[in-house]
Amino acid sequence: MCFSNLLRLYKPPSTETNPTLEDPTPDYMNLLGMIFSMCGLMLKLKWCAWIAVYCSFISFANSRSSEDTKQMMSSFMLSISAVVMSYLQNPQPMSPPW
Amino acid sequence: MRSLRLFLIPTLLLLLALPVSRGRYNDDFDDGEDLADDNDFAEFEDMNDDPVAETETMPPPRVSFPSQVDDEEDEDEATVELEDGQDGFEDSETQDQDIFSKYDQEEFEGIGDMEKTIHSMKDPLIIHQVPAHLQNNWESYYMEILMVTGLLAYIMNYIIGKNKNSRLAHAWFNSHRELLESNFALVGDDGTSKEAVSTGKLNQENEHIYNLWCSGRVCCEGMLIQLKFLKRQDLLNVLARMMRPACDQVQIKVTLNDEDMDTFVFAVGTKKAMARLQKEMQDLSEFCGDKPKSGAKYGLPDSLAILSEMGEVTDGVMDNKMVHYITNHADKIESIHFSDQFSGPKIMQEEGQPLKLPETKKTLLFTFNVPGMGNTSPKDMDTLLPLMNMVIYSIDKVKKLRLNREGKQKADRNRARVEENFLKQTHAQRQEAAQTRREEKKRAEKERIMNEEDPERQRRLEEAAQRREQKKIEKKQMKMKQIKVKAM
């Protein structure tokens, strides 16, 4: 019989000792999203606001389940508000860079 | 009526002859030609009191009337000239010039001005474009539509990718459940409950990483299985994988008790993986300094390489059954790493070396590639079952594997050497740390003395501290003397 009475409970590995193992993508994307949102709002650039929306989506897709949903939602809401504000201030359609 | 008209026309012409000479063409009156075209005598019907205005409006009909007559001729001429490749517009200009040249210069003054006005009439009208947002035209918002379409595509890919990963994970678990439940008392634990109760399901860390903790088996403390799938839920990653294919991986980490494993470090896997691990892993870089050897010597495929602390370890691990397992599933094996000194990858510290040796744990690590190179189906998960059998076999094998006396001595020497090297490198730093600790102690004591309210006690504490200092200094002096005597 290979069972043992000594059972060890699962201990989630501490990420402080191994920061390299953690995927930094969701954090970077979150930060980028916020920066682009602020640029879109302050400089009234529509393309910045759209990129911010994309960044927040990417951050959400790559996020860990243990991560705080509040931060994700706040980043998402900020990017949506950046898009809406850009269009309210200037309803003209976005012109392509070419 | 007809005769009346015939009489009126010459009289009008005579009347017009006078004003033409001193007439000024009013630039604001743009639709003079239009009016003239519709009704030559419209101005006379809507007679204003201002005769000057009338005279000013005279010239346009005067000009257009003959041009109308000439138009028919012009058309014929225009077509002719068009065949020659000239623009019709230019033709009318030249025609106008011809018209003016017909008029007697003595009778008519200011013809030149009229030329200018005719030309200015012919300046192109600038029609400003209506701003796009005022147009009822969705086509002008094509960039926005593109963006929204992109977002929808991302969301669709997220849902599809997440579901696929979930299906693959559950397919793996269903095929391995029986084997795991027959070997481990605890299968599945998410770390939240205080009691050791099997959850019996995978622990989802991410949309692409699933964990499973198994415990309760002889010869090992526990086993953590990580299903590291590709990020199918992230469209960017999917596009990146089109350039650089990658495959799903299953990582198994078995932690052993101290008595379950002898002291050795060993690894086998693909050549690329071995080269990478030798650089990255703390224990492999310290104990397996030689280059990875080809696995062909031990009956393994050429694509695999071996890193070992000593030859005896390789001979002990690579028995027939192990070789059989590895050879049959060589395409799925990325790396197998047995170590009693496992402490993870090398930690790059900013301030030189860490002061303490990193904590080590007796560990067996297995990394398997799921077949399919990204295009995995749930059926492919069944092909990983023999590899789980190999893992179970390895746990039992490592428990039984014991080095002989020579091997043990060599292993102990290696470990001592590594520790010594580490201590030498960190000597200076440890001295500094000790110095700072001593200074901290002194300061704390001084503070205690200062804070003492009772002056008598303060004096006594001070005296005691001074005596201790004195003793230390005397001790040091004695040591120095002894060293000098010895040297002599």
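Computed from a predicted structure; not experimentally measured.

Colleague: Just to check I follow, could you spell out the overall build of chain A for this structure?
Modeller: Looking only at helices and strands, chain A has three helices and zero strands in total. Counting across all 98 residues of chain A, residues that qualify as buried make up 35%. At a minimum sequence separation of 6, the contacts of chain A that also span at least 24 residues come to 67%. Total accessible area computed for chain A in this model is approximately 6200 Å², and 68% of it derives from carbon and sulfur atoms.

Colleague: Help me understand the packing of aromatic side chains, please; the structure alone is not making it clear to me.
Modeller: The description of an aromatic ring pair uses the distance of the two centres, along with the angle that the planes make with each other. Residues and elements named next belong to chain A. As enumerated under the stated definition, the model contains nine aromatic pairs over all chains in all. Ring centres 6.5 Å apart and planes at 75° place the aromatic pair Trp50 and Tyr87 in the edge-to-face group. You can see Trp50 sitting in helix α2 (residues 46–62) and its partner Tyr87 sitting in helix α3 (residues 69–89), a full 37 residues away along the chain. Residue classification places Trp50 among the buried positions, given a relative accessible area of 8%. By relative accessible area, which is 17% here, Tyr87 ends up buried.

Colleague: Help me out: how do you make sense of the interface of chain A and chain B in this one?
Modeller: Think of interface size as the accessible area that goes away when the parts come together; that is how it is often given. Each partner contributes residues to the interface: chain A has 31 residues there, and chain B has 49 residues. Contact between chain A and chain B buries roughly 3400 Å² in total, counting both sides, with carbon and sulfur atoms accounting for 64%. Between chain A and chain B we count one salt bridge in total. Note that Lys231 of chain B is salt-bridged to Asp23 of chain A, the shortest N-O span being 2.6 Å. Linking chain A to chain B there are eleven residue pairs in polar contact (both at pLDDT 80 or more). Broken down by element, the residue count for the side of chain A that touches chain B peaks at nine residues, all from α2 of chain A. Looking at the side of chain A that touches chain B, its residues break down into 19 nonpolar, eight polar and four charged.

Colleague: What exactly am I supposed to notice about the pairing of strand β4 (residues 220–228) of chain B here?
Modeller: Residues and elements named next belong to chain B. Burial analysis of β4 places eight of its nine residues in the buried class, which makes it a mostly covered element. Inspection of the sheet shows strand β3 (residues 209–217) paired to β4 by eight bridges, in the antiparallel sense. The residue of β4 that forms the bridge with Cys214 is Met223. In this antiparallel pair of consecutive strands, β3 and β4, the connection spans two residues, and Cys219 shows a positive phi of 75°. By the bridge criterion, seven bridges tie β4 to strand β5 (residues 249–255) in an arrangement that is antiparallel. From the neighbouring strand, Leu224 faces β5, where its bridge partner is Lys253.

Colleague: How should unusual backbone geometry be read in this particular structure?
Modeller: Note on backbone geometry: most residues besides glycine have negative phi, and most peptide bonds are trans. Phi angles above zero are rare outside glycine, and Lys44 of chain A is one such case at about 55°. Relative to the elements of secondary structure, Lys44 of chain A occurs in the loop between α1 (25–42) and α2. The residue Met373 of chain B is not glycine, and still its phi comes out positive at about 50°. Structurally, the position occupied by Met373 of chain B is in the loop between β10 (361–369) and α14 (385–400).

Colleague: Just to check I follow, could you spell out the confidence of the model for chain B for this structure?
Modeller: The predicted coordinates should not be examined in detail at positions where pLDDT is low. Residue and element names in this part refer to chain B. Averaged over all residues, the pLDDT of chain B is 80; the fraction at 70 or higher stands at 74%. Counting interchain partners and residues more than four positions distant, the pLDDT-below-50 stretch residues 23–37 has 17 contacts. Predicted confidence for residues 49–93 stays below pLDDT 50, and this span has 42 contacts to residues more than four positions away or in other chains. Here the predicted complex carries an ipTM of 0.91, next to a pTM of 0.68.

Colleague: Would you mind showing me how to read the packing of α2 of chain A against helix α8 (residues 142–183) of chain B here?
Modeller: Each pair of packed helices can be described by the angle between their axes along with the distance between the axes. Relative to each other, α2 of chain A and α8 of chain B sit at 0°, their axes nearing to 11 Å. Considering the angle they form, α2 of chain A stands roughly parallel to α8 of chain B. Contacts between α2 of chain A and α8 of chain B involve Lys46, Trp50, Val53, Tyr54, Phe57, Ile58, Phe60 and Ala61 of chain A from the former and Glu144, Leu146, Met147, Val148, Gly150, Leu151, Tyr154, Ile155 and Tyr158 of chain B from the latter. Broken down by class, the residue content of the contact of α2 of chain A with α8 of chain B amounts to 14 nonpolar, one polar and two charged.

Colleague: Honestly, the side chain of Lys397 of chain B in this entry has me stumped. Any pointers?
Modeller: All names here are of chain B. One can find Lys397 in helix α14. Judged by its relative accessible area of 18%, Lys397 falls in the buried class. Once residues within four sequence positions are removed from consideration, Lys397 is found in contact with Gly316, Val317 and Asp319.

Colleague: Sorry, what's going on with the nonpolar core here?
Modeller: Within soluble globular proteins, side chains that are nonpolar tend to cluster in buried spots. Membership of the largest hydrophobic core comes to 59 residues, with the highest contact counts inside it found for Trp172 and Phe338 of chain B. Here the element with the most residues in this core is α14 of chain B; it accounts for eight residues. Excluding its chain neighbours within four sequence positions, the residues that come into contact with Phe338 of chain B are Met261, Phe264, Val265, Phe266, Val317, Met322, Thr363, Leu364, Phe366, Ser394 and Val398 of chain B. In this structure, Phe57, Ile58, Ala61 and Tyr87 of chain A belong to the second largest nonpolar core, which totals 17 residues.

Colleague: What exactly am I supposed to notice about the environment of Ser56 of chain A here?
Modeller: Residues and elements named next belong to chain A. Tracing the backbone shows Ser56 in helix α2. Residue Ser56 is classed as buried on the basis of its relative accessible area, which comes to 3%. Remark: the alpha-carbon pair of Ser56 and Asn30, spanning 26 residues in sequence, is separated by 5.9 Å. Once you skip the residues sitting within four places of it in the chain, Ser56 turns out to touch Ser75, Phe76 and Ser79.

Colleague: How should I be thinking about the pattern of salt bridges in this particular structure?
Modeller: Residue and element names in this part refer to chain B. One pass over the structure, following the stated rule, counts 19 salt bridges over all chains. The salt bridge partner of Glu420 is Lys424, with a shortest N-O separation of 3.9 Å. Of this pair, Glu420 and Lys424 both sit in helix α15 (residues 405–425), four residues apart, which is roughly one turn of that helix. Glu420 gets classed as partly exposed once you look at its relative accessible area, which sits at 46%. In this structure, Arg459 engages Glu456 in a salt bridge whose closest nitrogen and oxygen atoms are separated by 2.5 Å. Taken together, the residues span about one helical turn, with Arg459 and Glu456 both in helix α17 (residues 455–487) at a distance of three residues. For Arg459, a relative accessible area of 43% gives the class partly exposed. Beyond isolated ion pairs, a larger network of salt bridges with shared partners links Asp262, Lys408 and Asp412.

Colleague: Quick question: what am I supposed to make of the packing of α8 of chain B against α14 of chain B here?
Modeller: All names here are of chain B. The N-to-C vectors of α8 and α14 enclose an angle of 25°; their axes lie 10 Å apart at closest approach. Put simply, α8 runs roughly parallel to α14. The interaxial crossing formed by α8 with α14 has right-handed handedness. Of the residues in α14, those touching α8 at Trp172, Ser175, His176, Leu179, Leu180 and Asn183 are Leu385, Met388, Asn389 and Ile392. Grouping the amino acids of the contact of α8 with α14 by side-chain chemistry returns six nonpolar, four polar and no charged.

Calculation criteria
Residues numbered from 1 in each chain as written. Chains lettered and ligands numbered in written order. Predicted model: local features only at pLDDT ≥ 70, side-chain atom pairs only at ≥ 80, totals over all residues. Heavy atoms only, no water. Helix = DSSP H or I, 4+ residues; strand = E, 2+ residues; numbered from the N terminus. Buried < 20%, exposed > 50% of the residue type's maximum accessible area, 1.4 Å probe, protein only. Contact = heavy atoms within 4.5 Å. Areas by Shrake-Rupley, 256 points an atom, 1.4 Å probe, with all protein chains shown as cover. Phe/Tyr/Trp six-rings, centres within 6.5 Å; stacked < 30°, edge-to-face > 60°. Buried area = accessible area lost by both parts, 1.4 Å probe. Salt bridge = Lys/Arg side-chain N within 4 Å of Asp/Glu carboxyl O. Polar contact = N/O pair within 3.5 Å; in protein donor to acceptor, adjacent residues only side chain to side chain. Nonpolar A, V, L, I, M, F, W, Y, C, P; charged D, E, K, R; others polar. Pairing = 2+ DSSP bridges. pLDDT = per-residue confidence, 0-100. Axes fitted to C-alpha atoms, helices over the stretch in contact; angles between N-to-C directions. Parallel < 35°, antiparallel > 145°, perpendicular 65-115°, else oblique. Core = buried A, V, L, I, M, F, W, Y, C linked by side-chain atoms within 4.5 Å. Left-handed = near helix turned anticlockwise from the far one by under 90°.

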